[in-house]
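# Fold and contact review
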Amino acid sequence: MEAAVRKELEQQELAQRNAANPGSAATQMPVVLVPPEEQRRIFDDELRYVETASRRFHSHEVVGDDKDGFAEPFVTVIVIHHERGMLLLKTMEALLRQEYVNFEIVMVDDGSVKPEALRVVDQVERFFADNAQRTVAGDANKQRLLPTFRLVRQANKYPGAARNLGAQHARGEYILFLDDDDIPRPYWLSTFARVAVRTGADVVTSMFDFFHGDGVPLETDSPSLRWLSVGAAPDLGLWHNVYGAYSALVRRSAFLQIGGFSEEYGTTFEDYEFFSNAVLKGFRLELVPEPLLWYRQNSGKHLMKDTNRYLNRMRALRPYLKKMPPYLRNAIKMAYGIGADKK
């Protein structure tokens, strides 16, 4: 029956094209279409996946509640910074408002040279050194000392290398990545930790909300855009990063087994490549079907805008190419080239 439906659709499409261009009927080729029923089935399957994940999340099947004796694993938050001192201060303030208690901060300065950025980095380091015994509020039931803080510096090598360096200095069972201009919601860390413990996931990602400007969004603000993700779907991941936001929680032992981030100067999508590597190697990736992070999108300098989209996409494709028969690799590369806007 499916074959009959497909053939009828092809004939209808061909007839429509010939009617629009009667002089070129002999040269028209039939267009193979996915039947509408199949399109709806694929869409419904993906929608059910997201809805089921959301129900599990909100029913506390994954996250649980504070009465279940949840043991908080020790987490290392790795913040990478490059030339954005004033925005870094806002990110660090958001980290200190986290509900979660059991974490440390490793900050990697990725080759900043501007005096203002260097001054802010020094101020942040001095703040933690001078207030090591200061108590701050956690969630409603907990008080804690400031998290321990370590600063590591390197020449500018781009995010992949900076995150790997931070991981080398991490002591946590899990590591969690954060850029210097984004704003984690207060439950960002606690949600990630609970999902990781309850599911046994090696990698936990989430959705995220976009915002503009140099300020800090309120929880009542509406995002300019919400990035919706699917999670561990390697078939869709071949074409788009459906795995989740770069700001992911990763079991440190799994991070080392996966091989960390590739270190490549001048391109991005290192997070997309990492997620693809993890899933294709059989590590478990879970998506939190809610935005846990505010992602700052400004009109100024930004790696996504300042790097070559085609080369970025080719970087993300590498884990898939390793899994493909050699005779298919050039076809996929060509498809990527057609779908990317080259600079």
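### Quick word on helix H4 (residues 115-130)
- Compared with the 22 Å implied by 1.5 Å per residue over 16 residues, the 22 Å span of H4 between its first and last C-alpha is a close match.
- Those residues of H4 lying buried are Ala 117, Val 120, Val 121, Val 124 and Phe 128. Viewed end-on, H4 has its buried residues packed into an arc of 100°, placing them on one side of the element. Those residues of H4 that are exposed and aimed more than 90 degrees away from the buried face are Pro 115, Ala 129 and Asp 130.

### Things to note about the pattern of salt bridges
- Within this structure, the stated rule accounts for 16 salt bridges.
- A salt bridge links Glu 173 to Arg 251; the nearest nitrogen and oxygen atoms lie 3.8 Å apart. Here Arg 251 lies in strand S10 (residues 249-251) and Glu 173 lies in the loop between helix H5 (159-168) and strand S6 (174-179), a separation of 78 residues in the sequence.
- Across the salt bridge formed by Glu 286 and Arg 284, the nearest N and O atoms sit 2.8 Å from each other.
- Residue classification places Glu 286 among the buried residues on the basis of a relative accessible area of 14%.
- Judged by relative accessible area, Arg 284 falls into the partly exposed class, the value being 37%.

### Re the environment of Ala 254
- By the element assignment, Ala 254 lies in helix H8 (residues 252-258).
- When the C-alpha positions of Ala 254 and Ala 201 are compared, they lie 9.8 Å apart, and in sequence the two are 53 residues distant.

### Considering the packing of aromatic side chains
- Counted by the stated rule, this structure contains 19 aromatic pairs.
- Judged by centre distance (5.4 Å) and plane angle (85°), the rings of Phe 127 and Phe 128 are edge-to-face.
- When its relative accessible area of 8% is taken as the criterion, Phe 128 is described as buried.
- The structure contains a cluster of three or more aromatic residues connected by ring pairs, namely Phe 177, Tyr 243, Phe 255, Phe 261, Phe 274 and Phe 275.
- The ring centre of Phe 261 lies 5.6 Å from the NZ or CZ of Arg 163, which sits over that ring.

### A look at the side chain of Thr 76
- Mapped onto the fold, Thr 76 is located in strand S1 (residues 75-81).
- At a separation of 2.8 Å, a polar atom in the side chain of Thr 76 contacts the main-chain amide nitrogen of Gly 172.
- For Thr 76, the residues in contact, after removing those within four places along its chain, are Glu 104, Val 106, Ala 170, Arg 171, Gly 172, Tyr 174, Ile 175 and Leu 176.

### Thoughts on the confidence of the model for the chain
- When the pLDDT values of the chain are averaged, the result is 83; 73% of them are 70 or greater.
- Low pLDDT, under 50, characterises residues 1-6; the predicted model gives this stretch five contacts beyond four residues in sequence or across chains.
- For residues 17-34, every residue scores under 50 in pLDDT, and the model assigns this stretch 14 contacts once sequence neighbours within four places are set aside.

The rules we used
- Residues numbered from 1 in each chain as written.
- Predicted model: local features only at pLDDT ≥ 70, side-chain atom pairs only at ≥ 80, totals over all residues.
- Heavy atoms only, no water.
- Helix = DSSP H or I, 4+ residues; strand = E, 2+ residues; numbered from the N terminus.
- Expected span 1.5 Å × (residues − 1).
- Buried < 20%, exposed > 50% of the residue type's maximum accessible area, 1.4 Å probe, protein only.
- Arc of directions from axis to C-beta.
- Salt bridge = Lys/Arg side-chain N within 4 Å of Asp/Glu carboxyl O.
- Phe/Tyr/Trp six-rings, centres within 6.5 Å; stacked < 30°, edge-to-face > 60°.
- Lys NZ or Arg CZ within 6 Å of the ring centre and 35° of its normal.
- Polar contact = N/O pair within 3.5 Å; in protein donor to acceptor, adjacent residues only side chain to side chain.
- Contact = heavy atoms within 4.5 Å.
- pLDDT = per-residue confidence, 0-100.

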